[in-house]
Structures are given as structure tokens and as C-alpha cells.
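Architecture and fold: a report
These are the residues of each chain, in order.
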Amino acid sequence: MEALVEIEEEKKVITGSEAVLKSLLKENVDTIFGYPGGAIMPVYDALYKYEDELTHVLTRHEQGAVHAAQGYARSSGKVGVCLATSGPGATNLITGIADAQIDSTPLVCITGQVASHLLGSDAFQETDIIGISMPVTKWNFQVTSAEEIPYAISRAFYIASSGRPGPVLIDITKNAQQELMDFAYSPCEKIRSYQPYPDVDRDKIIEASKLINRAKKPLVLVGQGVALSGAEKEFKAFVEKAGLPVASTLLGLSVLSVNHPLYVGFTGMHGNYGPNLKTNECDLLVAIGMRFDDRVTGDVETYAKQAKVIHIELDPAEIDKNVKSDVAINADAKQTLQLLTPLVEVRNHQGWLKEFQDCDVTENEKVKSKALFPIEGELKMPEVIHRISEITDGKSIVVTDVGQHQMVASRYYQFNQEKSNITSGGLGTMGFCLPAAVGAKLGAPQRQVIGIIGDGGFQMTVQELGTIMQYNIDIKILILNNNFLGMVRQWQELFFERRYSFTEMANPDFVALAKSYNISAQRVSEREDLDLAIQNWLSNNGPSLLEVVVEKEENVFPMVPAGSSVSNVRLE
Amino acid sequence: MEMEQVAKEYTLSVLTEDKPGLLNRLTIIFSRRKININSLNVSSTEVQGVSRYTLVVTETKEHLEKVVKQIRKLVDVLGAFVYDEDQIFYQEIALYKVSVSAFEQNGMIEKLVRNNGARIIALDKHHIIIEKTGTKVETHELYSELEPFGILEFVRSGRVAISKSKRKTEAFIKELESSRSNKLSIKDF
Ligand SMILES: Cc1ncc(C[n+]2csc(CCOP(=O)(O)OP(=O)(O)O)c2C)c(N)n1
């Protein structure tokens, strides 16, 4: 028996399933998330003997696996990997794949498929996952024989992680997992039909520098592209030299510290007053690694019409898609900034910055003072986030779900360290937070990971408490419980004459629920108990959950109503 | 109205790797935006392993440019080009089936075939098949003329087009192959 194994090693004849795992190891994968089933069982069987090299995390639902892979990718900067069976296992991945596609998260999703002779026969648990996933993947591929495995996986990693990152899906028929093959692996480095890094046009860089040097009222909009390019330092050097005020999109949060003197706030629907208002007053908008999403622009017809626009963006399809640019630089952010910074002149736009500070004074008066320091009534979401932010010095990884708590966390967590913001931005996927926080912790084990969730979103992927328990994932879960689908209720209040149609929730006892999973948990509802509760929650060894009962009908302001001009940002 | 915003017929030429599933990836870019594809043709090219998709769509230039950028983003797409009518040579082929009795009536059909530069490609006891190659206007013209005699079956192919530009497919692909934009080379600067 031993001799046979040796010969096999020498000839490197292995099963397709083993080839899958060996290929993952060649791509330096150490953690994968998944859920087994019939069509992927050969791979799971092979995993059994790779336990030392590959950590597999069994989630409680495939949606949990894909969101965890997303969280892992976003906190580690590596490609997230998830594994699922055919049919329902594969379709359960779709929400996370779509989320990763719109938020540019590199993922390799591997699904099992029925044996190739059964394809198209409506066999048990057969579904056309290649067809279904096509609109939401950067690339996908069906493997029907074992030999194709190294090719498919090497391409998958290259495509997922290069250029504008995104999810890819590899569907592997069961026979391909079982067949024997000669294993050899070489990483993919080039695909002639795929040119992920366009050359920087130096003339455009010069043009951009001229606009920047000439501008009197410049405003920079920073997006996730800067973080994906690992260009945080270059970005800081650039804005500091040219003295440019910086506003951040939702996914751009944490690229620049909130405490930086040039940081003027979060922009978009629930962003800060200044950046929204000043977008329509600036004379130059420098957008870097962002895509002018409608939640940022409001009505595009009235968006920054007075300003020249410089758009630095790696994905050519984003250029002039929503907002027309005067100078478009279709290139990587880091590369561009390295070339651009030497050409910009040292400037100090104090007068213009002061205008943002004046807006802050207004926002403080009308919104923040009441939200952050209420003296009576029920606890409010903003004060809770504010206390957590102070206690953690803005240095935790904050994973949020979708809704009011997400906007409040994005507004009030004082991000003070890079790569700290993980949220479902483009798709707005409720249920994202809990599994994504699991992945985020595994991707950055040395960092504190806080998951901030509403009572609604928590119940969308609550089953992942089981995963947290089983692997003792040290995350801190915060439920901001308003007993409502709060964000929808806010819209009902503001735009549907308070008809609270199906947004009130009867909730379980979250503390008891967490405890049933052996997760330490507590509930707080009084202001005077808040700090101590936060301290206990954060200092707990291992996973812990804090439920904060907050005011039921609180609204998030400022707000740019959907489809309205950013100039119409409402403070109340 | 600006020209960019007027819907017009455009011909799209898309060079791709010859890979399964690509047609689907391409068409969902249109269906997602509810754009109708007027005609579609897929063929091999002079370069082995490279296919050419020729699509005709009626759209505004502005919208179409955005769609084409999405097409170029597809991993297996080598290049995508938008053409105005006057930037290409193009043809469509049409087949018309008429009954032998109509054909034999008075020689009118034969005359139409001759005058329109069409030809008869098959003839049996019951039917004759007429073929006409040309623009849509031309094949339609023959259709109108044959209509009074009774057209039993009619079919028209997708457009095939060749651009007037000097670019050669092979050189274009060589260029892609030698490009260094596969990797980010930050140190180069
Ligand atoms: C999967 C999914 N379904 C529906 C929605 C629409 N939606 C957006 S926010 C929201 C309410 C979220 O409520 P909750 O999780 O309690 O958070 P809150 O807004 O109260 O902070 C809903 C239903 C969504 N974003 N995602």
C-alpha cells in the first residue's frame, strides 16, 4: 500500500478532487468556507486528508459561506474561496456572488455538478449554475474532465484578483472530481483577451495635474478602488501635497483616517452635510476608485454640473457611465497617484476647507449633538456607535449589515485605521454582516472585528451563530434592536405618510438565543449602563453579543432623498 | 437633440475567443438593458480559434458606447467595435420560396430575379428557391415585388460586415498578445 502511494506521488496521478485542493494550495489558499452535498462529496472526501494544510469552515448555509469568503477577502486582501454542492447549494451562493460582483470582491466559488453524462437531463440536484451565475460573475467555467482543473483554477484566481476584482465560479462535474489525472500546476499570468491593467496615459496625468493646480475649490471623492489598489499611502501623500479636501464614499471609508485634517466626511444619501452640499459648489471633482453610484450622486442631471471632473478608475466601463469626466485616467489608483503627486503643486485651501467646517457646525447643531449626546429618552443608535468608536479608538474592523444601523455606523464610527470597513454597499444585502464578520476575523485574526446588525438583518443569517460557536470565532456582535425594519420604516414615515406596512417585527430573545449557542450575551437599554455593557462585551474572551434596545422610530439624517439633487440634502 | 442621443442602426463587430457560453454572456448584456438585437451572426475568422460576432442594433450612440464597454469587459472578448453604416461593407442573404405554378405563369418572376441581381438556387416539381444577397433594403425590395405572386417561405440572414478600416485581425491579436497590461508593473515608473 505504502509503495503504491509513493509511485502515485512520483507520477503525480491524483483524483480531480485532490487536484482541486492541490491547486488551491498552489494559490496559497489556507482557509475556505463551504457546505457539503452529493455532487461535491469527492472534494469533501479529499479535504479530509488535507485538514492540516487547508482550514475548512463549515457554515450553516451556503449564503453564509459566500459572505464569509467575502469578509475574508476584504479583511485579508486575498481571494476568498467557497465551496458548495450542486443545485440548491449552488443557487444559495448567488446573493453573495452578486454582492461580490457589485462591490468588486475577489472570490473563487467552486460548485459540484452532476456527472457530465447527466448534464441537461434534469438529474437530481442539477441546476444550470453556469447560466444562472453568468450575469453576476466576472468569469465562470464548467469543468467536465479532471485534466481541466488546474487550468480552470489558475485562471479563476488570476481573473478574480487582477484588474477590478470580482467573483468567478468554477462548476465541476462529479466525474471530473473522481477521475484520475496527471497533476501539474502553473499559475495563470496572462490571458490575451483580458487586459486588466491599461497603460497610464501620461498626457492625461499632466492634464489632471493642471486642473488640480488651477482649482480654487477642489474636492476629492475616494472610493474602494484606492483600498483595492493598496494605495492608501500614495493617496494620503497626494491629498496632503495638494491640500485637497477628501470626502469618502461608503466603501471608501477608512482609506483616510476620519481624524485627518483634510477629511471632510462621508458623501452620499446619508453622508455628511458638507460633502453633499459642496459637491455642487466645488470647481473640481477628483474621483478616485469610485463609480458615481446613484446613492452618491442623487439626481445626476444636477450633480456637480459646475465642476470639472477628473475620474481615476481602473474599470474602463465606469468612465463616463454615470458622470461625464473632463479628464479620465483609466488606470490603477496607486500607479496613477505615484505619477500624479510629483506634478501637483503644494497648496493649502484653508478658506475652502473652512466652508466644510461651517457645514459641520450646522450639521452638529441640527443633527449630531442630539444624536450623539441625548440626555433623555431611549438610547439612540448614534450614541451607541459613538461610545464604541471612542472605546475602540476607531481601530476595529467594522462589519455592518444593511439599514439604518449601517448608515449610522458609517457616519459615526471614527475609522482610524486602513482596511477597517466591510459592508454590503452596492447590493445592500441584509444578512451580510454576521457571516462576513466570521470571514473578516479569519482573514485578519490579529484585529478586533465588530459586527453591527439590525434586528431584521440578524435574523436573515442568524444560523451562522452555529459556525461562530463551532470554531469559537472571536467576533463582537452588536444588535441595534429597534423592533422594526428601520430603514424601510424611515422611508414609510418620510415618503409614504407613515403607513408602516409590514415593517414592525416581533423578535425572539436575542440574548437567550445567543446563549443557546454558548455565546456570551447581554442586553442593555439604559443610558447609564451603556459604557459598562460595551466594556464587558468587548473584553469578553471569545465571541460575544450585545443587544442594545434603541429608540423605535429614530430617523437617519442628513438624507438626500432618492433621485433628488445632492444640494437638497435634508438635515431633518 | 444631439446626434449622440438619436437612435440609429449600428453594426457591432466583436472578436472573441471561440469559447462555449460566450454568446449567452454577450446577449445578456443587451437583454439586461432591454435592448433588442436586430440581427446576429457568428462566424469564424481568418485567425484560428477566433470568432467574430456581428450584431445590428438600433440605439443611441451614447448608450451603445456604454454597452460596448461592457462587452469589452468580458474575459473572452478580444475586441469590440461600433460602426456606422458608411464605415463598413455589409451584406445579408435572403431566400424566397415561391411555387412553380406562379413561376411558370408569365415569366414575370424570372424577370424580377434577373433585374434584382438575384438567382434561382433550387428548383423541384413544386417550388423554386430564389436567393438574393444585398442590403436589407434590397432584399426587402425583392420581397415586395415577389409578394403578389405568393411567397411561401422567406428567411433573411444576420448581417455580415467587413470594416473599411486598415486594421488586420491578426495584427490586432498580436498586439494584445504582446501587451504588458496583464500585470501591474508599478516599479516601472
Ligand atoms: C435581502 C434584503 N431584503 C430586503 C432589503 C430591503 N431593506 C433595506 S434596509 C431594510 C431594513 C433593515 O432592518 P434592520 O435589519 O432591522 O435594520 P435597521 O434599518 O432597523 O437598522 C430592508 C428590509 C434588503 N436590503 N436586503
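Bear in mind the structure is a predicted one, so any value in this text is a computation, not a measurement.

**Thoughts on the overall build of chain A**
- The number of helices and strands found in chain A is 24 helices and 20 strands.
- By its C-alpha atoms, chain A is 80 × 60 × 40 Å across when sized along the principal axes.
- Per-residue burial over chain A gives 61% buried out of 572 residues.
- Expressed as a percentage of contacts within chain A between residues at least 6 apart in sequence, the contacts between residues at least 24 apart total 76%.
- Accessible area of chain A: about 21500 Å², with a carbon and sulfur share of 50%.

**Section: a negative patch on the surface**
- Side chains of A:Glu378, A:Glu526, A:Glu528 and A:Asp529 sit close together on the surface and give a patch of like negative charge.
- Assignment of secondary structure puts A:Glu528 in the loop between strand S19 (520-524) and helix H24 (530-539).

**Some remarks on the domain arrangement of chain B**
- Under the domain assignment, chain B is made up of domain 1 (3-83 + 161-188) and domain 2 (90-158).
- Inter-centroid distance (C-alpha atoms) of domain 1 of chain B to domain 2 of chain B is 33 Å.

**As for helix H4 (residues 62-76) of chain A**
All names here are of chain A.
- The first and last C-alpha atoms of H4 sit 21 Å apart over 15 residues, in line with the 21 Å expected at 1.5 Å per residue.
- With respect to burial, H4 is a largely interior element, 14 of its 15 residues being buried.
- Positive phi shows up at Gly77, right after H4, with a value of about 75°.

**Looking at the pattern of salt bridges**
Residues and elements named next belong to chain A.
- Counted under the stated rule, the structure contains 41 salt bridges over all chains.
- Glu232 is paired through a salt bridge with Lys419; the nearest N and O atoms lie 2.8 Å apart. One end of the pair, Glu232, is in helix H12 (residues 232-242); the other, Lys419, is in the loop between helix H18 (404-412) and strand S16 (421-422), and 187 residues separate them in sequence.
- On the basis of relative accessible area, Lys419 is assigned to the partly exposed category, the value being 31%.
- Close ionic contact of Glu390 with Arg387 constitutes a salt bridge, the shortest N to O distance being 3.9 Å. Linking Glu390 with Arg387, this pair stays in helix H17 (residues 381-392), spanning 3 residues, or about one helical turn.
- Overall, Glu390 belongs to the partly exposed group, its relative accessible area being 46%.
- Judged by relative accessible area, which is 24%, Arg387 ranks as partly exposed.

**Some words on the site of the ligand**
Residues and elements named next belong to chain A.
- Gln404, His405, Gly428, Gly457 and Gly486 are the nearest of the 18 residues found near the ligand.
- Contacts to the ligand include Asn482, whose side-chain N or O atom sits 2.9 Å from an oxygen atom.
- One of the backbone N or O atoms of Phe484 is found 3.0 Å from an oxygen atom in the ligand.
- Isolated, the ligand exposes 580 Å² of accessible area, and the fraction of that covered by the protein chains is 77%.
- Taken together, the elements giving at least two residues each to the shell around the ligand come down to H18, helix H20 (455-458) and helix H22 (486-495).
- When grouped by side-chain class, the residues that make up the shell around the ligand number 8 nonpolar, 9 polar and 1 charged.

**Topic: the interface of chain B and chain A**
- On the side of chain A, 34 residues touch chain B, which itself brings 29 residues to the contact.
- A combined buried area of about 2800 Å² lies between chain B and chain A, and 51% of that area is made up of carbon and sulfur atoms.
- Joining chain B to chain A, the criterion identifies 5 salt bridges.
- Taking the shortest distance from any N to any O, the salt bridge between B:Lys73 and A:Asp315 comes out at 2.5 Å.
- Between chain B and chain A we count 17 residue pairs in polar contact (both at pLDDT 80 or more) in total.
- Looking at the side of chain B that touches chain A, the elements with two or more residues in it are helix H1 (22-32), helix H2 (61-73), strand S4 (77-83) and helix H6 (169-178) of chain B.
- In terms of residue count, H2(B) provides more of the side of chain B that touches chain A than any other element does, 5 residues in total.
- For the side of chain B that touches chain A, the per-class residue count stands at 11 nonpolar, 8 polar and 10 charged.

**Some words on the environment of A:Ile477**
All names here are of chain A.
- Here Ile477 is to be found in strand S18 (residues 475-481).
- Distance in space between the C-alpha atoms of Ile477 and Ala146 is 42 Å, their sequence separation being 331 residues.
- Not counting residues within four places of it along the chain, the set of residues in contact with Ile477 comprises Leu434, Gly451, Ile453, Phe458, Leu465, Ile468, Trp537, Ser544, Leu545 and Leu546.

**Side note on the sheet that holds strand S9 (residues 218-222) of chain A**
Residues and elements named next belong to chain A.
- Across the sheet, 6 strands lie side by side as S11-S10-S9-S12-S13-S14; this open sheet has parallel pairing. Each of the sheet's edge strands pairs with one partner strand only, and the pair in question is strand S11 (263-266) and strand S14 (327-329). Each adjacent strand pair in this sheet contributes to an overall mean axis angle of 15°, direction not counted.
- Note: S9 against strand S12 (residues 284-288), 5 bridges, orientation parallel. The residue of S12 that forms the bridge with Val222 is Ile288.
- Helix-sheet contacts for H12 involve S9, strand S10 (246-248) and S12, and the interaxial angle to S9 is about 170°.

**Quick notes on the side chain of B:Thr169**
Residue and element names in this part refer to chain B.
- Looking at where Thr169 falls in the secondary structure, it is placed in helix H6.
- Owing to a relative accessible area of 6%, Thr169 belongs among the buried residues under this scheme.
- Among the polar contacts listed, one links the side chain of Thr169 to the side chain of Glu46, at a separation of 2.8 Å.

**Brief notes about the domain arrangement of chain A**
All names here are of chain A.
- When cut into domains, chain A gives domain 1 (11-183), domain 2 (202-355) and domain 3 (378-550).
- Computed over C-alpha atoms only, the centres of domain 1 and domain 3 are separated by 30 Å.
- Across the contact, 23 residues belong to domain 1 and 26 residues belong to domain 3.
- Here domain 1 and domain 3 share an interface that buries about 1900 Å² over both sides, 62% of which is from carbon and sulfur atoms.
- For the domain 1 face of the interface with domain 3, the top three residues by lost area are Arg60, Arg74 and Ser75, together amounting to 31%.
- Counting the contacts that link domain 1 with domain 3 gives 0 salt bridges.
- Residue assignment for the side of domain 1 that touches domain 3 shows that the elements contributing at least two residues are strand S2 (31-34), strand S3 (55-58), H4 and helix H6 (94-102).
- Among the elements that make up the side of domain 1 that touches domain 3, the one with the highest residue count is H4 (10 residues).

Calculation rules
Residues numbered from 1 in each chain as written. Chains lettered and ligands numbered in written order. Predicted model: local features only at pLDDT ≥ 70, side-chain atom pairs only at ≥ 80, totals over all residues. Heavy atoms only, no water. Helix = DSSP H or I, 4+ residues; strand = E, 2+ residues; numbered from the N terminus. Buried < 20%, exposed > 50% of the residue type's maximum accessible area, 1.4 Å probe, protein only. Contact = heavy atoms within 4.5 Å. Areas by Shrake-Rupley, 256 points an atom, 1.4 Å probe, with all protein chains shown as cover. Patch = residues over 30% accessible without salt bridge, like charges linked within 9 Å, V, L, I, M, F, W, Y side chains within 5 Å. Salt bridge = Lys/Arg side-chain N within 4 Å of Asp/Glu carboxyl O. Lys, Arg positive; Asp, Glu negative; His and termini not counted. Charge placed at Lys NZ, Arg CZ, Asp CG, Glu CD. Domains from an automatic or database assignment. Expected span 1.5 Å × (residues − 1). Near = heavy atom within 4 Å. Polar contact = N/O pair within 3.5 Å; in protein donor to acceptor, adjacent residues only side chain to side chain. Nonpolar A, V, L, I, M, F, W, Y, C, P; charged D, E, K, R; others polar. Buried area = accessible area lost by both parts, 1.4 Å probe. Pairing = 2+ DSSP bridges. Axes fitted to C-alpha atoms, helices over the stretch in contact; angles between N-to-C directions.

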